[in-house]
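Structural characterization, general
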Amino acid sequence: MFWNKEIETMPDEKIKELQLNRLQQTVEYVFKNVPFYKKQLVDRDLKAEDIQKLEDTEKIPFTTKEDLRKNYPYGLFAQPMDNIVRIHSSSGTTGKPVVVGYTEQDLENWTSCVSRLIAAAGGKKGDVAQVAFGYGMFTGGFGLHYGLENMGISVIPASSGNSERQIMMMEDFGTTILISTPSYALFLSEVAEDMGIDPRDLDVELGLFGGEGHTEEMRHEIEQRWDMMVTENYGLSEVVGPGVSGECSAQQGLHINEDHFYPEIVDPDTGETLPPGERGELVLTTLTKEGIPVLRYRTRDITYLKPEPCSCGRTTRRMHKVMGRADDMLIVKGVNVFPSQIESVLVEMEHIGPHYQIVVHRDGYMDDLEVRVEMASSDILDQYRALKEIEEKIRKKLRSVLNIDVEVKLVEPRTLDRTTGKADRVIDLRDETGEK
Ligand code: DLL
């Protein structure tokens, strides 16, 4: 199902032409309207006319989260407040958040980008969608809400939390689409079971998950628990919120809304553009934003682009699911470890549940990685040997994947923290000593 077939199936040269046009306009627009960008461009003696082909984007300096923070709250807005009709902010945990503003046209574009990803995943009129993302400054709730409503889908603006009520609504209101973070969907399946309800008996048949990553293994786990198809979508407040990209039902990567966002992949350390297909940091330039356009925004998200056509008929380039954030990569004993590698191993193992926590400490000069993982049931909790065997099996498997020794600690079922939003699975105790 297409929402905007013309754009979604546009031949490559045409979409590139459109992108180049819009890129030139955006450069001109920010030059005129945002002193920060004007200075950046003047310093490099760069004008809109110097962008003659898409590759010329490389000449433009990057924008970082720090730049947005420094210009808090409205410093990078390209429109006077008179024209800003909505404000959101990012879920920053430290310091001031990043504030973004939308014009009426921005909201219209955002809504249609979100409708596209819902249609691509299989959502349609007649569906009943429960939005279990927080409504508020987080872009997830409102972003999905308007995209769904725009398609004539019945929306339940449940917001996040109040988990038993979420299950009750699913049962009573006949929810067919669940919208949440993957970790909250996992948690909700447990809540249903505690209420004596088998999630597979509910009408929910499609999950539209985003806001955080999850591995393929975790996707299968959630699909089985709910007997639903799980698709994911991606976005970030600084660029628009949800709606940058989303999976179609082929589940083979996320289609980027290329008429609105220009993606590049760069080396996260050097900032150099990487050859097509190589994995690195996603950098996004908005092509139509009026309120707060961004040039070459460093997302810190690690992925790669897939230019080959998709079986669904869309021609828009796809990005592989985000493999982790450059900032999340742990360096333990000199080895790079992505939490997603640990998740992939754990979710596949028997006797343990999908909930885990990664703790990094430093003992003298040595980093230690400890993985806490819940038992699937308490049946063998008092059988010391059986427990040790499971721990050893997990340890060996993690060692073969990560190339470092990991301490594995089995914990009782339902003892690790659950989340109604984005999961926080890594505890880096090295930070506390300032030794990282
Ligand atoms: O999380 C926007 C969003 C809401 C996207 C709901 C999709 C659905 P922020 O709070 O600004 O915005 O966080 C953005 O979340 O840079 C990624 O690191 C992460 N993220 C979002 N979606 C995904 C995903 C929203 N599908 C940050 N896979 C981004 C992996 C994701 N990470």
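**Looking at the sheet that holds strand E15 (residues 324-325)**
Ordered by their spatial adjacency, four strands build an open sheet running E10-E11-E12-E15, and the pairing between neighbours is antiparallel. The open sheet is flanked by strand E10 (261-266) and E15, the only strands paired with a single partner.

**Regarding the site of the ligand**
As a structural note, the neighbourhood of the ligand is formed by 22 residues, with Glu232, Asn233, Ser237, Asp301 and Lys422 the closest of them. In the model, a nitrogen atom of the ligand is placed 3.1 Å from a nitrogen or oxygen of the Gly211 main chain. Note that a nitrogen atom of the ligand is positioned 2.7 Å from one of the backbone N or O atoms of Asn233. Computed on the free molecule, the ligand has an accessible area of 610 Å², of which 93% lies beneath the protein chains in the complex.

**Quick notes on the pairing of strand E5 (residues 177-180)**
The alternating pattern of E5 places Ile177 and Ile179 on one face and Leu178 and Ser180 on the opposite face, and all of these are buried. Across three bridges, strand E3 (residues 128-131) lies against E5 in parallel orientation. Bridging across to E5, Ala129 finds its partner in Ile177. As paired elements, E5 and strand E6 (residues 206-210) share four bridges and run parallel to each other. Among the inter-strand pairings, Ile177 is bridged to a residue of E6, identified as Leu206. A crossover connection joins E5 to the parallel E6 through helix H8 (residues 182-194); in handedness this β-α-β unit is right-handed.

**Digging into the sheet that holds strand E18 (residues 352-363)**
Reading across the sheet, the four strands line up as E20-E19-E18-E21 and stay open at both edges, with mixed pairing between neighbours. Two strands lie at the open edges of the sheet, namely strand E20 (407-411) and strand E21 (426-428), each paired on one side alone. Ignoring which end each strand starts from, the neighbouring axes of this sheet average 20 degrees apart. Relative to E21, E18 is paired through three bridges, and the arrangement is parallel. When the sheet's bridge partners are listed, Val359 is paired in E21 with Ile427. Where helix H10 (residues 339-348) meets the sheet, its contacts fall on E18, strand E19 (366-375) and E21, and the angle it forms with E18 comes to roughly 140 degrees.

**Let's talk about H10**
Those residues of H10 lying buried are Pro339, Ile342, Glu343, Val345, Leu346 and Val347. Where H10 is buried, its residues meet helix H9 (216-226), strand E17 (335-337), E18, E19, helix H11 (384-402) and E21.

**Concerning the nonpolar core**
With 64 residues, the main nonpolar core has Ile118, Leu148, Ile179, Tyr234, Val239, Leu284 and Met319 as its most contacted residues. With residues near it in sequence (within four places) discarded, Tyr234 still touches Gly241, Pro242, Gly243, Val244, Ser245, Leu254, Leu282, Leu284, Thr299, Asp301, Met319 and Val322. In this structure, Ile167, Leu188, Leu202 and Trp226 belong to the second largest nonpolar core, which totals 47 residues.

**A closer look at the environment of Gly152**
Mapped onto the elements, Gly152 comes out in the loop between helix H6 (139-149) and strand E4 (154-156). The spatial distance from the C-alpha of Gly152 to the C-alpha of Val371 is 45 Å, given a sequence separation of 219 residues. Ignoring anything within four residues of it in the chain, the contact list for Gly152 reads Lys125 and Gly126.

**Considering the packing of helix H7 (residues 163-173) against H8**
Running from N to C, H7 and H8 cross one another at 80 degrees; their axes reach a closest spacing of 9 Å. Comparing the axis directions of H7 and H8 gives the class roughly perpendicular. Touching Ser163, Glu164, Gln166, Ile167 and Met170 of H7 are Tyr184, Phe187, Leu188, Val191 and Ala192, all from H8. When grouped by side-chain class, the residues that make up the contact of H7 with H8 number seven nonpolar, two polar and one charged.

**Side note on the pairing of E10**
Within E10, six of the six residues are buried, which leaves the element mostly enclosed by the surrounding structure. What you see with E10 is no split at all: Phe261, Pro263 and Ile265 on one side and Tyr262, Glu264 and Val266 on the other are buried throughout. Across six bridges, the pairing between E10 and strand E11 (residues 280-286) is antiparallel. Its bridge partner being in E11, Phe261 is matched across the sheet by Thr286.

**Description of the domain arrangement of the chain**
When the parts come together, some accessible area is lost, and that loss is often what is quoted as the size of the interface. Looking at the assigned domains, one finds that the chain contains domain 1 (1-326) and domain 2 (330-428). Using only C-alpha atoms to locate each centre, domain 1 and domain 2 end up separated by 30 Å. Across the interface of domain 1 and domain 2, roughly 1800 Å² is buried in total on both sides, 55% from carbon and sulfur atoms. For the domain 1 face of the interface with domain 2, the top three residues by lost area are Glu190, Glu217 and Met218, together amounting to 27%. Across the domain 1-domain 2 interface, the total number found is three salt bridges. Between Glu190 and Arg414 there is a salt bridge, with its nearest N and O atoms 3.8 Å apart. Linking domain 1 with domain 2 are ten residue pairs in polar contact (both at pLDDT 80 or more), by the criterion used here.

**Quick notes on the pattern of salt bridges**
Two side chains bearing opposite charge may form a pair once their charged atoms approach each other closely. With the rule as written, the count across this model stands at 37 salt bridges. With its nearest N and O atoms 2.6 Å apart, the salt bridge here joins Glu232 to Lys321. Of the two residues, Glu232 is situated in strand E7 (residues 229-236) and Lys321 in the loop between strand E14 (318-319) and E15; the sequence distance between them amounts to 89 residues. For the pair Glu232 and Lys321, one class covers both residues: buried. Two residues, Glu391 and Lys388, come together in a salt bridge whose shortest N-O distance is 3.0 Å.

Rules used throughout
- Residues numbered from 1 in each chain as written.
- Predicted model: local features only at pLDDT ≥ 70, side-chain atom pairs only at ≥ 80, totals over all residues.
- Heavy atoms only, no water.
- Pairing = 2+ DSSP bridges.
- Helix = DSSP H or I, 4+ residues; strand = E, 2+ residues; numbered from the N terminus.
- Near = heavy atom within 4 Å.
- Polar contact = N/O pair within 3.5 Å; in protein donor to acceptor, adjacent residues only side chain to side chain.
- Areas by Shrake-Rupley, 256 points an atom, 1.4 Å probe, with all protein chains shown as cover.
- Buried < 20%, exposed > 50% of the residue type's maximum accessible area, 1.4 Å probe, protein only.
- Right-handed = clockwise from strand over helix to strand, strands pointing away.
- Axes fitted to C-alpha atoms, helices over the stretch in contact; angles between N-to-C directions.
- Contact = heavy atoms within 4.5 Å.
- Core = buried A, V, L, I, M, F, W, Y, C linked by side-chain atoms within 4.5 Å.
- Parallel < 35°, antiparallel > 145°, perpendicular 65-115°, else oblique.
- Nonpolar A, V, L, I, M, F, W, Y, C, P; charged D, E, K, R; others polar.
- Domains from an automatic or database assignment.
- Buried area = accessible area lost by both parts, 1.4 Å probe.
- Salt bridge = Lys/Arg side-chain N within 4 Å of Asp/Glu carboxyl O.

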